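So you can see what is in the structure, the chains are spelled out below.
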Amino acid sequence: MIGRWWLRTDVFLHAYLVMVLGCIYFLFNFIEGISFSERAGESTLFRGAWLLLYILLVLHIAIDPKRFGLLMLQSHLYLTFIAFALVSLALSADPAGSSIKFAMYLLTTMFSAWVVISCPVDRLVDALFRIGIVVLIVHVLLFPVIGSQWDYDPLHRPTVLGTQAYAGVFGHKNLAGAFFGLMVLICFVRMLAGPRRQFGWTLLLMGCHLFALAAAGAAGPLISMLTALAVTFGLVLVVLGHRGAASIYWLGLALVALVVFALPSDELYGLVGRSGNLTGRSFLWSVWPHFFWQHPWLGYGFSGFFNELPNSPVNELTSMAPWNTEFGSFENSYLDAFLQFGLLGGALYILLLARALWNSIVFAFERRGMYCMAPFAMLLFVVIASANDSSQLLHNYFGCVLVFWCYFGPEARLQMAPRRTFNRLRVSEA
C-alpha cells in the first residue's frame, strides 16, 4: 500500500516540483540546525530527499519505458548535446567530482521528459498554481517569525516598496523573486483561459504574488516578469487574430524598448534601486573571455570551473576580483553554458533552447489545451532571467526543468514525427 502511494504520479510530481522551485530549500537548515547562511546542500536530509526523488524518477520511467524510449530516440539534438557534455566532462580537471553533479543534471532533464509523456500541460500548470497558493500563505505567515531576524540583502538596499527585502524560507531574495515571478505569469495565463467566475480571485492572487515579488527586492526577476508579461500579452493578441490591436500593441512595445535602450544605464537601473555594475556582475562578465579562450572548444566540463580543487580556475577569478568573495557562477546562464561546454557544446545548448522556445510558440498557436500560453510565458521568463543568473544550468532548479520540458514537448515537436508514433506518445489533447 505504501509503495503504491509513493509511486502515484500526483504525489511524485508535486514533491519534485516543490524541490526544484526552491520553496522549502532552507527549511532543511532549520531542521538540522545548520546556520541559515550555509547552503542547504550541506544538509544530509536535503541530499537524502534528492536521492529518494531520483530513485522514484527511475521507477516511474521503468513503469512506461516504451514511450520514454521513443521520446529519447526522437530527441537527436538532446542526445548530441549530452554526448558533447560528456566529452567535456571527461576532459575536465575534476571528472570524478563533477560526474555526480552532471548525473543529477541529467536526471533532472529526464524528469522533464517524463513530465511530457505523463502529465498534460493543463495538469502541470494546475499543480504549479496550487503549490503557489500554499507557498504564498506560508510565506506571509512566517513574516512575523523570521521577517526581522534575517538580512536578505547584505547591501541593505530597499525594495521598490521602500521596505527591507523579505525572502521567507527561500533564503535568498532572487530565489523568492523567481518563484513569485513565475506564479504571476501562471495566474495571468489562468485569467486568460479560465471561466469568468474565477477571474476576480485569480486577479487578486496574481496581485498577492506580485506584491511578494516586489517585497523580495529581486530586481532581475521583477524586470524579467514584466517583460515576459508584456511579450506574452502581445502573442495572445496575435493568436486570437486581433491583427489591428496586435499591430498597435507591438508598435507601442517597440517604442518602449527604444526608449529603454536610449536611457543611460545608471538611470535605468536606478528605477529598481540598482546601479550600472549590476552588483558586481559587470566585473564577472568583463573577465569571462579571459577564461573562456583558455578552453574554447570543449570548455571546462560541467561544474569543472567552479570546484574546490587547489588548482581550480575559480581561484584565479577570486584573485582578480576587486573584493574578497567566493563565486559559484558567472551569473549568466549563457556564459556558463559556453564556459562549461565550449563552443561546440554551448552552440548545441543554444540550439536546444531555441527549439524549446519554438515549440512553445507552436503550441500556443495550436490551442490544444486551456493553458496554451503557459509554456511560452514560463519559458520566456526563464530565458530573460537567465541573462543575470545561472538557473538554467542548476541541476536542482526549475529553470532547467522548464527548458527541457519545452524542448521535449509539450507535444508540439512531436508533430514532426510519423503520425503513428505521435499518437502513441500523446497522453491527452493538452
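Preceding block: the structure.
Read on for an overview of the structure. All values derive from a computational prediction rather than experimental measurement.

Across its full length, the chain carries 20 helices and zero strands. Relative to its full complement of 430 residues, the chain shows a buried share of 52%. In the chain, the proportion of contacts linking residues at least 24 apart, taken out of those at least 6 apart, comes to 72%. In the form shown here, the chain has an accessible surface area of approximately 19,800 Å², with 68% of it arising from carbon and sulfur atoms.

So, on to the side chain of Thr232. Here Thr232 lies in helix α12 (residues 219–239). We classify Thr232 as buried; its relative accessible area is 0%. If near-sequence neighbours (up to four positions away) are discounted, Thr232 is found in contact with Phe188, Met373, Phe376, Ala377 and Leu380.

A contiguous nonpolar surface patch, about 260 Å² in accessible area, is contributed by Leu27, Ile31 and Leu45. As for its placement among the helices and strands, Ile31 is situated in helix α3 (residues 27–32). Taking the relative accessible area as the measure of exposure, Ile31 reaches 60% and is therefore exposed.

Here the focus is the pattern of salt bridges. Counted by the stated rule, this structure contains four salt bridges. Of the charged contacts, one joins Arg190 and Asp126 as a salt bridge, the two residues approaching to 2.8 Å between their closest N and O atoms. Here Arg190, found in helix α10 (residues 173–193), pairs with Asp126, found in helix α8 (residues 121–141); they are 64 residues apart in sequence, far enough to count as distant. Taking relative accessible area as the criterion, Arg190 reaches 9% and is therefore assigned buried.

Definitions and cut-offs
- Residues numbered from 1 in each chain as written.
- Predicted model: local features only at pLDDT ≥ 70, side-chain atom pairs only at ≥ 80, totals over all residues.
- Heavy atoms only, no water.
- Helix = DSSP H or I, 4+ residues; strand = E, 2+ residues; numbered from the N terminus.
- Buried < 20%, exposed > 50% of the residue type's maximum accessible area, 1.4 Å probe, protein only.
- Contact = heavy atoms within 4.5 Å.
- Areas by Shrake-Rupley, 256 points an atom, 1.4 Å probe, with all protein chains shown as cover.
- Patch = residues over 30% accessible without salt bridge, like charges linked within 9 Å, V, L, I, M, F, W, Y side chains within 5 Å.
- Salt bridge = Lys/Arg side-chain N within 4 Å of Asp/Glu carboxyl O.

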